[in-house]
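Chains, contacts and geometry: an overview
Residues per chain, in single letters:
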Amino acid sequence: MHILRDVRTMMIVLLIPVVLMILFGFAISTEVNNLNVAIVAPNRTEGVRQVVERLANNPYFTVVDYDSSIDIDKVLRSGKADAVVVFDEDYEHLIAQRAEGIDTHPAIQFIFDASNTNIAQTGAVYLQNVVSTDHSRQELLNLHLLYNPQMKSAYNFVPGIMGLIFILICAMMTSVSIVREKEMGTMEVLLVSPVRPIKIILAKMIPYFVISCINLATILLIAHYLLDVPMSGGLGGIVFISLIYLILALALGLLVSTLASSQVVALLISAMVMLLPMMMLSGMVFPLENLPTVLKPLPYIVPARWYIEAIRKMMIMGLPLSAVVKEVAILIFMTFVLMGVSLKKFKDKLE
Amino acid sequence: MSDYIISVKELTKCFGDFTAVNRISFDVQRGEIFGFLGANGAGKTTAMRMLCGLSYPTSGSGTVAGWDVMREGEQIKRHIGYMSQKFSLYNDLTVWENIRLFAGIYGLSKAETEKRAAEALERLNFSSERNTLVGSLPLGWKQKLSFAVATIHRPKVVFLDEPTGGVDPITRRQFWEMIYEAADGGTTIFVTTHYMDEAEYCSRVSIMVDGEVRALDTPARLKEQFAAESMDEVFRILARGAKRGE
Amino acid sequence: MSAIKVENISKSFGKVKALDGISFDVKRGELFGLIGPDGAGKTTLFRVLATLLNPDEGGAEVDGFDIVKDYHAIRERVGYMPGRFSLYQDLTVEENLNFFAALFGVKVEDSYDLVAPIYRQIEPFKTRRAGKLSGGMKQKLALSCALIHRPSVLFLDEPTTGVDAVSRSEFWDMLADLKQRGITILVSTPYMDEASRCDRIALCNEGRILGIDTPTDIVAGFDSSLYAIKGDNMYQLLLAARKANGVRECYPFGEAHHMIADAEFDVEQFKAELVEVKGLHIEPTKPSIEDMFIKLMKQ
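Here, residues in each chain are numbered from 1, in the same order as that chain's written sequence. Labels follow written order: the first chain is A, the first ligand is 1, and so on. Local features in this predicted model are restricted to residues of pLDDT 70 or higher, and side-chain atom pairs are both shown and tallied only at a pLDDT of 80 or more, whereas totals for entire chains, interfaces and linings draw on every residue. Just so you know, side-chain values use all the structure's heavy atoms and leave hydrogens and water out.

Let us now look at the pairing of strand E10 (residues 212–217) of chain B. When DSSP locates at least two bridges between a pair of strands, those strands are taken to pair. Strands here are runs of E lasting at least two residues and helices are runs of H or I lasting at least four, both read from the DSSP assignment and numbered beginning at the N terminus. Of the pairings in the sheet, the one linking strand E9 (residues 204–209) of chain B to E10 of chain B comprises five bridges and is antiparallel in character. Paired with Val205 of chain B across the bridge in E10 of chain B is Asp217 of chain B.

Turning our attention to the interface of chain A and chain C. Opposite the 22 residues of chain A that make contact, chain C presents 30 residues. The term salt bridge refers to a pairing of a side-chain nitrogen on Lys or Arg with a carboxyl oxygen on Asp or Glu at a separation within 4 Å. The interface formed by chain A and chain C holds one salt bridge in total. Two N or O atoms form a polar contact when they lie within 3.5 Å of each other; inside protein one atom must be a possible hydrogen donor and the other a possible acceptor, and for residues adjacent in sequence the pair counts only when both atoms belong to side chains. The interface formed by chain A and chain C contains four residue pairs in polar contact (both at pLDDT 80 or more). Top element by residues in the side of chain A that touches chain C is helix H7 (residues 186–192) of chain A. It accounts for six residues. Residue composition of the side of chain A that touches chain C, grouped by class: nine nonpolar, four polar and nine charged. Residue contacts are counted whenever heavy atoms from the two residues lie within 4.5 Å of one another. Any residue that is not Ala, Val, Leu, Ile, Met, Phe, Trp, Tyr, Cys, Pro, Asp, Glu, Lys or Arg is counted as polar, Gly included; the first ten are nonpolar and the last four charged.

Attention shifts here to the interface of chain B and chain C. Every contact between the two is made by 30 residues of chain B and, on the other side, 36 residues of chain C. Between chain B and chain C, the buried area comes to about 2800 Å², and carbon and sulfur atoms account for 55% of it. Scanning the region where chain B abuts chain C turns up four salt bridges. One salt bridge connects Glu290 of chain C with Arg173 of chain B, and the closest N-O pair in it is separated by 3.2 Å. In this structure, the connection of chain B to chain C is made through twelve residue pairs in polar contact (both at pLDDT 80 or more). Taken together, the elements giving at least two residues each to the side of chain B that touches chain C come down to helix H6 (169–184), helix H8 (219–225) and helix H9 (231–240) of chain B. The term buried area means the drop in 1.4 Å probe accessible area that two parts suffer when joined, counted for both and summed.

This paragraph deals with the sheet that holds strand E3 (residues 31–35) of chain C. Residue and element names in this part refer to chain C. Read from one edge of the open sheet, six strands run E6-E7-E8-E3-E9-E10, paired in mixed fashion. This sheet does not close on itself; its edge strands, each paired only once, are strand E6 (78–81) and strand E10 (208–213). With strand direction ignored, the average angle separating the axes of adjacent strands in the sheet is 15°. The pairing of E3 with strand E9 (residues 200–205) spans four bridges and is parallel. What sits directly across from Leu34, in E9, is Ala202. Packing against the sheet, helix H1 (residues 42–49) makes contact with E3, E6, strand E7 (153–156) and strand E8 (184–189), and its axis sits at approximately 155° to E8. Throughout, an axis means a line fitted to C-alpha atoms (over the contacting stretch in the case of helices), and angles, computed between N-to-C directions, take values from 0 to 180 degrees. Together, E6 and E7 form the strand contacts of helix H5 (residues 135–147), whose direction differs from that of E6 by roughly 160°.

Here we come to helix H6 (residues 165–180) of chain C. Side chains of residues three or four places apart in an α-helix project in the same direction, reflecting 3.6 residues per turn. Residue and element names in this part refer to chain C. The terminal C-alpha atoms of H6, which comprises 16 residues, lie 23 Å apart, in line with the 22 Å expected from a rise of 1.5 Å per residue. Within the span of H6, buried status applies to Ala165, Val166, Ser167, Arg168, Ser169, Phe171, Trp172, Met174, Leu175 and Leu178. The N-terminus of H6 is capped by Asp164, whose side-chain oxygen sits 3.0 Å from the backbone nitrogen of Val166. Two residues or fewer past H6, Gly182 is found with a positive phi of approximately 90°. A helix is expected to reach a length of 1.5 Å times the quantity of its residues less one. Only protein chains enter the calculation, and the probe is 1.4 Å; a residue is then buried if its accessible area is under 20% of its type maximum, exposed if over 50%, and partly exposed in between.

Locating Arg240 of chain B in the fold gives a position in helix H9. Along the chain, Arg240 of chain B and Ala39 of chain B lie 201 residues apart, while their C-alpha atoms are 9.8 Å from each other. Every residue in contact with Arg240 of chain B, bar those within four places of it in the chain, is listed here: Val166 and Ser169 of chain C.

Attention shifts here to the arrangement of the chains. If you rank the two pairs of chains in contact by how many contacts each has, first place goes to chains B and C. Separated without contact, chain A and chain B have their nearest C-alpha atoms at a distance of 18 Å.

All names here are of chain B. With respect to the helices, strands and loops of the structure, Tyr4 is situated in strand E1 (residues 4–15). Judged by its relative accessible area of 32%, Tyr4 is partly exposed. Distance from Tyr4 to Gly31, taken between C-alpha atoms, is 9.6 Å for residues 27 residues apart in sequence. Non-local contacts of Tyr4, meaning those with residues more than four positions away in its chain, are made with Asp27, Val28 and Gln29.

Let us look at the pattern of salt bridges. Per the stated rule, a full pass over the model turns up 38 salt bridges over all chains. Where Lys223 of chain B meets Glu200 of chain B, a salt bridge forms, and the shortest distance between an N and an O atom there is 2.9 Å. With Lys223 of chain B in helix H8 and Glu200 of chain B in the loop between helix H7 (196–199) and E9, this residue pair connects regions lying 23 residues apart in the sequence. Side by side, Lys223 of chain B and Glu200 of chain B carry an identical accessibility label, which is buried. A salt bridge links Lys298 of chain C to Glu249 of chain C, with the shortest nitrogen-to-oxygen separation between them at 2.7 Å. With a gap of 49 residues between them, Lys298 of chain C in helix H10 (residues 289–298) and Glu249 of chain C in strand E12 (residues 247–253) connect regions that are remote in the sequence. A relative accessible area of 48% places Lys298 of chain C in the partly exposed class. Residues joined by salt bridges that share partners form a network here, namely Arg172, Arg173 and Asp197 of chain B together with Glu290 of chain C.

Attention shifts here to unusual backbone geometry. Within the chain, Asn125 of chain B stands out as a residue other than glycine whose phi angle is a positive 60°. One can find Asn125 of chain B in the loop between helix H4 (110–123) and helix H5 (139–150).

Turning to the packing of H9 of chain B against H6 of chain C, a few remarks are in order. Relative orientation and spacing of two packed helices are given, respectively, by the angle between their axes and the distance between those axes. Between H9 of chain B and H6 of chain C, the least distance of the axes is 8 Å, while the angle of their chain directions is 100°. Taken together, the axis directions place H9 of chain B and H6 of chain C in an arrangement best described as roughly perpendicular. Every residue of H6 of chain C that contacts H9 of chain B at Asp232, Phe235, Arg236, Ala239 and Arg240 of chain B is listed here: Ala165, Val166 and Ser169 of chain C. Among the residues making up the contact of H9 of chain B with H6 of chain C, the classes are represented as four nonpolar, one polar and three charged. Note on terminology: angles under 35 degrees are roughly parallel, angles over 145 are roughly antiparallel, angles of 65 to 115 are roughly perpendicular, and the others are oblique.

Here's what the structure looks like:
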């Protein structure tokens, strides 16, 4: 009821997902406009010159360097070039051999900075088209992607955002709002009334649950219509898993609220115990494979990890619900444990 | 310079259309314990802020500790002491650290700080407690200490905001004794409060209602004037007519 | 039968003993005051009686119900107003009242006769948010909310702290009125001067009760002779008076100093001894609750 009074918080809570989605979705513009290309050609033969000319004349590309040898890594890291085109020393010869049907190693190599997946993906296609006007030559190309070899695509972040937002809104907001009652002294009055504690908890949780559902809908709409996320795993399954995750986040929030005595503490606990590990250990930002061995078991207890995993499978890989049974089972289990613990801890006495 | 430590004429503060403080004038002598009373919303806090140099009056004139209230707020702040019941000392610092901190804030030199802090501790019989955390001191001690800290830079005037609300009667008396002692030594004490029993301890009392000073005299004469038993009654007679519902 | 029966309650927080063997009885329909400074344990006692805390030792009954075993029954019968303002600041006056009515499962109309005398005073501001009310009005709203379910016992923890003298006096008038309607009221305050508004009082300090009685009888227990002295220089007077013969104690007491005298004290001799103090004025005075409190604290 009085959550609606706090118009500012409401707006923020409802807008966060939209802003995040759009930011992540479009900050990385999907259109490749001006690709800086460095060219390495040990022998500037006629064939090489033709290709270079075509590149230089194309409005999509800017040739920033053209040399017989370049420190490729440096050029890419410094951001001077987005891609490097390397001609083989024996370019003319290889092309000729190829034309005769002899299998050779590739004559041209593309090396991309794939940390920006969009540029790498689209740029590679463009480059291929420009360089090899003749379709038969395509096998000559060799594509190298540096820094992000798996080519995580732009919408890969969507499951991550979902994991983040629901923790943020359900867990953090619930805990803060319950703790605020403690801080304001209203909890004292609520407890002294004959209303059962479970009712107080539900009354505190339901608004945030509703808000999160609105957010879920917004995210799914944006993902589908603006970012063209396939969601081929079935909408029903995605919603189902998300609802479990929402309840889990609420339980987590309740648990934090029983531990924290002030809003600041609640925020801190939320941030330290939930957000940070979630970002770090859920595979959202850093690939889990790269974790040091000591930390390897940690992600298994981070709920967001399982959620993101499941959503990723269903949303992006397009697997059906049956493929994520393990994740769902783990999430449900965690939900029960957390709910049980926090309900037990939530006392109807002060202290 | 006259013997008036605080002297204000027609001091006014407006917030937009609202006149929070309406042309108040009064003088406070050296060594006086001056009670500044008013109901919630009477403009007491606004007036106090102007006198402490925290905000500038809209119009009027006056001096506090010899500095102009219209222009020299920074100087005023540096030359007055301030103590409130709510905030005064850091509980997680020791007695000594608190003194040093506040002495530092008022720009005392290191040697001077040492000397005055030792003196203050001596006077309070606190020397043995210099390394005790303030948080673990009994309330009465804390209060005496915070008064000592508020006067560490030897201000001519100390502003006390509800200094003894909620304090037990014995501690409270010890505190007033300290204030009497300071006043006897020439420090002017300016007490704002809405507890009328605190007002009884003051040598003169002013009562603000609706942004104006409605009464100013010794407690005895005020009681006589309003034919009242206590300051509480005087206050009620005056404040009942208040128009501002806040 | 007593409305509140407290037996030997103790409660500690870590090393601090907030309540140390507290016992007292409050009769039905009585206005009982707990008088004492901050740290006397008043708030803890209220929380124990309002079933928010369990005592370490001892027990209590409120309206015939045990505070530990039957705490749900107690929660339906008491109105509790905590020391801090504890209403929803961002809800309006009216919404707060409706919310509390809903919380106790009652209709505002059903208790309106009880709440009306208080609520009517804030009704003109009913669309204002509670956080924007003045101290006095907040207290009236909080009291209205605490009364909405027609409790038989009211717990009011420092309802007049931070409220100006006019509102304070009005608040006590309201309590007197509620008492007339048969509600048992347990109220705490740090202000000794409010003690006279109660039927009976308990003076508390540091978790213990120093004395329980009617305000008049408490004061009657002050058995030494007491004088009020004044002079032009109050501080010098205080120092001089303490050195005078037959003076057991002298302490500031508002406009005058109060002086407790021995049997051998002689006014004329005292005046002679303090001849240097200008404007000396001495007269016998009646002890107040505060004098008694000081006396009891020193025992």
